[in-house]
Number of protein chains: 2
Amino acid sequence: MTYSQTIAIDAMGGDFGPDVTVAGAAQALADIPGTKFLFFGDEAKIAPVLNRYPALKAVSGIVHTDKKISSTDKPSTAIRNSKDSSMRLAIEAVKDGKADSVVSAGNTGALMALSKMILKTLPGIERPAIASIMPTMGRPTVMLDLGANLECDANVLVQFAVLGTVYARVVMNIDNPTVGLLNVGTEDMKGHEEVRTAAAILSNVKLPGTYHGFIEGNDITKGTVNVVVTDGFTGNVALKTAEGVGKLASSFLKDAFKSSPLALLGYILSSGAMKKLKGKLDPAKYNGGMFLGLDGVAVKSHGGSNIEGTANAIRVAANLVHNGFNKRVAAEMAGVMGQAGFSKPSEAAQA
Amino acid sequence: MTYSQTIAIDAMGGDFGPDVTVAGAAQALADIPGTKFLFFGDEAKIAPVLNRYPALKAVSGIVHTDKKISSTDKPSTAIRNSKDSSMRLAIEAVKDGKADSVVSAGNTGALMALSKMILKTLPGIERPAIASIMPTMGRPTVMLDLGANLECDANVLVQFAVLGTVYARVVMNIDNPTVGLLNVGTEDMKGHEEVRTAAAILSNVKLPGTYHGFIEGNDITKGTVNVVVTDGFTGNVALKTAEGVGKLASSFLKDAFKSSPLALLGYILSSGAMKKLKGKLDPAKYNGGMFLGLDGVAVKSHGGSNIEGTANAIRVAANLVHNGFNKRVAAEMAGVMGQAGFSKPSEAAQA
């Protein structure tokens, strides 16, 4: 299959700039043949790296700008000073039809705010969500929102359920994805009003998947559902708590191996397996916070991403476009809005 | 030191009843000499187990009842049918001054609702919180609320900060505990209104510790602060997510060891260290969800707790009483309420 599409890359985003963003694109290209690239940023820094990768160079263009958004700026400051920045130009390329998607490892808040402002949301979607893939005991789960919307009413949670199930279908190839609402218990009367109302709507509307019901925090990694829906405050805390526990477990493991010469010998013998374990939990594998719900595709790569992580974020963007994610979401939302359970279709329409 | 106090035990609570609740008390007794016990429940089932532990039997009484609250009942149903149940009688013993604390492995919702109804809250505390101890890279952290209050306004979050810092001081012996508010970022403008208002108050009032500022999910296990304060919805999801990731890591680790004969040999050599690691992450060690803020001490033991877990919950209750936790909270809250930053002292007073 050929990926006939163009990806706009904010080449200056992230901690390492073109050294990683360009190299990441070179690595991704092998898996997404036919893709073209537009790199936005300082040509004097991008061109030398691009010269190292002839296959990539052959399908790439550079749009020069010497402006970039700082990763430490508040979103409001970043937006005010965003004119002609590499990030903004990359997003505008999507708006203008010069690219199909944008990938940036820059300031998350600025990327979300600018993408929302410039690209707007899909019909039926009030707010875009940040989604990511979580490792589980079974197959990976897609979870959203991870911090774009701190407070979400029931309708927004329902829209997230549609975004997540369409993602599971078209990108993860899950036939009939299950979706769960994150809560403090699984019984009907548990939780605050928003999740209870969202649950009532989800039990009624026809989703592109199956509504499973409430799930609890431990269900995320159990792999109880294919799609975990929550508000951005809870999702952000859960994601970062999970990252913290992963690090704690690996630190405890290191201590255990160091605790005796016998244990150390054991470690040496099992080091191959430990490397595989590390790979299984490697953040780079799950890199790419996707902004779902925008009228355009935007993928955030971690600021500290390596080449592998960047390549993964680019593959994610390419597959969202290739699989027609946005078209499917718009079609499904049109169906959901026509159904009785969805209580405020007029407010749900794009402002 | 002598623990001159009496603990009321809901002997019928939990999955195993007296076999575990009585044996747990016997194990705890060695560490809390001088403590007396009152067991509430079916005498025909309690007495034979008690006979196995003469030292415990010598300091124990049994209050017979054949009623118990089912662990699967909704709190509302449980309360309606709670009269003369082992759980309710144990709580009433605290109210009536016959015991200093109550420990139960029964229905959490019912235990919280009945404790609140019967014991009421301490002066200055509007709502009790569920607190627990979390393992971290450094010393363990106390985290609250873990599910008693799904939505918390700023004043309630401030009260939780006082409860947590007093706990860290008098039970964990931390001289000047630091307290952090769980949020989606550490900058001042991050988060929803409740956490931002709570942060403003905490920056002003004199706490029995130091207000650190906002923290993120990964700070919990990093050990950034001694006390983590959050609303019950977020805290419950974070706690259960952490438990889930711990299980996932251990499952991945098992798979890694099984992946080759060499790795398996490595496992056998390091099995002593792995056992220690397991001990470090053993939930029994951290068992005992404390209900802080009640006018009386109530500790919830996990329903599936073993003898070790039950003994730990009993030790926690004994130390809360022994160290004068409640008196100190009341004194500190009187100070906080007199300070300018705490905006609604009248509403904060106990109803």
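Reading the values: rules and limits
- Residues numbered from 1 in each chain as written.
- Chains lettered and ligands numbered in written order.
- Predicted model: local features only at pLDDT ≥ 70, side-chain atom pairs only at ≥ 80, totals over all residues.
- Heavy atoms only, no water.
- Least-squares fit on C-alpha atoms with pLDDT ≥ 70 in both.
- Contact = heavy atoms within 4.5 Å.
- Buried area = accessible area lost by both parts, 1.4 Å probe.
- Salt bridge = Lys/Arg side-chain N within 4 Å of Asp/Glu carboxyl O.
- Helix = DSSP H or I, 4+ residues; strand = E, 2+ residues; numbered from the N terminus.
- Nonpolar A, V, L, I, M, F, W, Y, C, P; charged D, E, K, R; others polar.
- Pairing = 2+ DSSP bridges.
- Axes fitted to C-alpha atoms, helices over the stretch in contact; angles between N-to-C directions.
- Parallel < 35°, antiparallel > 145°, perpendicular 65-115°, else oblique.
- Left-handed = near helix turned anticlockwise from the far one by under 90°.
- Buried < 20%, exposed > 50% of the residue type's maximum accessible area, 1.4 Å probe, protein only.

A.B. asks: Break down the relation of the copies chain B and chain A for me, citing the residues and quoting the values.
C.D. replies: Each copy of the sequence occupies a distinct position, and chain B is placed on chain A by a rotation of 180° and an axial shift of 0.0 Å, giving an RMSD of 0.0 Å. Between the two chains, the operation in question is that of a two-fold axis. Scanning chain B for the C-alpha nearest the rotation axis identifies Gly266 of chain B, at a separation of 1.8 Å. An overlap of 100% is found between the interface residues of chain B and their copies at the interface of chain A, pointing to a shared contact surface.

A.B. asks: An account of the interface of chain B and chain A is needed here, citing residue identities and associated values.
C.D. replies: The interface of chain B with chain A comprises 55 residues on the first partner and 55 residues on the second. When residues of chain B are sorted by the area they lose upon contact with chain A, Phe233, Phe252 and Leu269 of chain B head the list and together hold 14% of the total. The tally of links between chain B and chain A comes to 2 salt bridges. Here the element with the most residues in the side of chain B that touches chain A is helix α10 (residues 232-258) of chain B; it accounts for 21 residues. Its residues assigned to classes, the side of chain B that touches chain A shows 28 nonpolar, 17 polar and 10 charged.

A.B. asks: Explain the sheet that holds strand β4 (residues 101-104) of chain B residue by residue, including any values.
C.D. replies: Within a beta sheet, neighbouring strands are joined by backbone hydrogen bonds and run either parallel or antiparallel to one another. Residue and element names in this part refer to chain B. Spatially, β3-β2-β1-β4-β11-β10-β5-β6-β9-β7-β8 is the arrangement adopted by the 11 strands of the open sheet, whose pairing is mixed. Two strands in the sheet have a free side with no partner beyond their single neighbour: β3 (60-64) and β8 (210-215). Ignoring which end each strand starts from, the neighbouring axes of this sheet average 25° apart. Across 5 bridges, strand β7 (residues 178-182) lies against β8 in parallel orientation. Bridge pairing links Gly180 to Gly213 in β8. Helix α1 (residues 18-29) contacts β1 (6-10) and β2 (36-41) of the sheet and is inclined by roughly 175° relative to β2.

A.B. asks: So what's going on with the packing of α1 of chain B against helix α13 (residues 307-322) of chain B? Which residues, and what values?
C.D. replies: All names here are of chain B. Where α1 contacts α13, the two axes come as close as 7 Å, and the packing angle between them is 60°. By the criterion of interaxial angle, the relationship of α1 to α13 is oblique. In this structure, α1 meets α13 at a crossing whose hand is right-handed. Within the contact between the two elements, α1 uses Asp19, Val20, Thr21, Ala23, Gly24, Ala25, Gln27 and Ala28 and α13 uses Ile307, Glu308, Thr310, Ala311, Ile314 and Arg315. In terms of residue class, the contact of α1 with α13 is built from 7 nonpolar, 4 polar and 3 charged.

A.B. asks: A description of the environment of Val103 of chain B should follow, citing residues and the corresponding values.
C.D. replies: All names here are of chain B. Looking at the secondary structure, you find Val103 in strand β4. Residue Val103 is classed as buried on the basis of its relative accessible area of 3%. Placed 212 residues apart in sequence, Val103 and Arg315 show a C-alpha to C-alpha distance of 9.9 Å. Excluding anything up to four places from it in sequence, Val103 contacts Ile7, Ala8, Ile9, Asp10, Val299, Ala313, Ile314 and Ala317.

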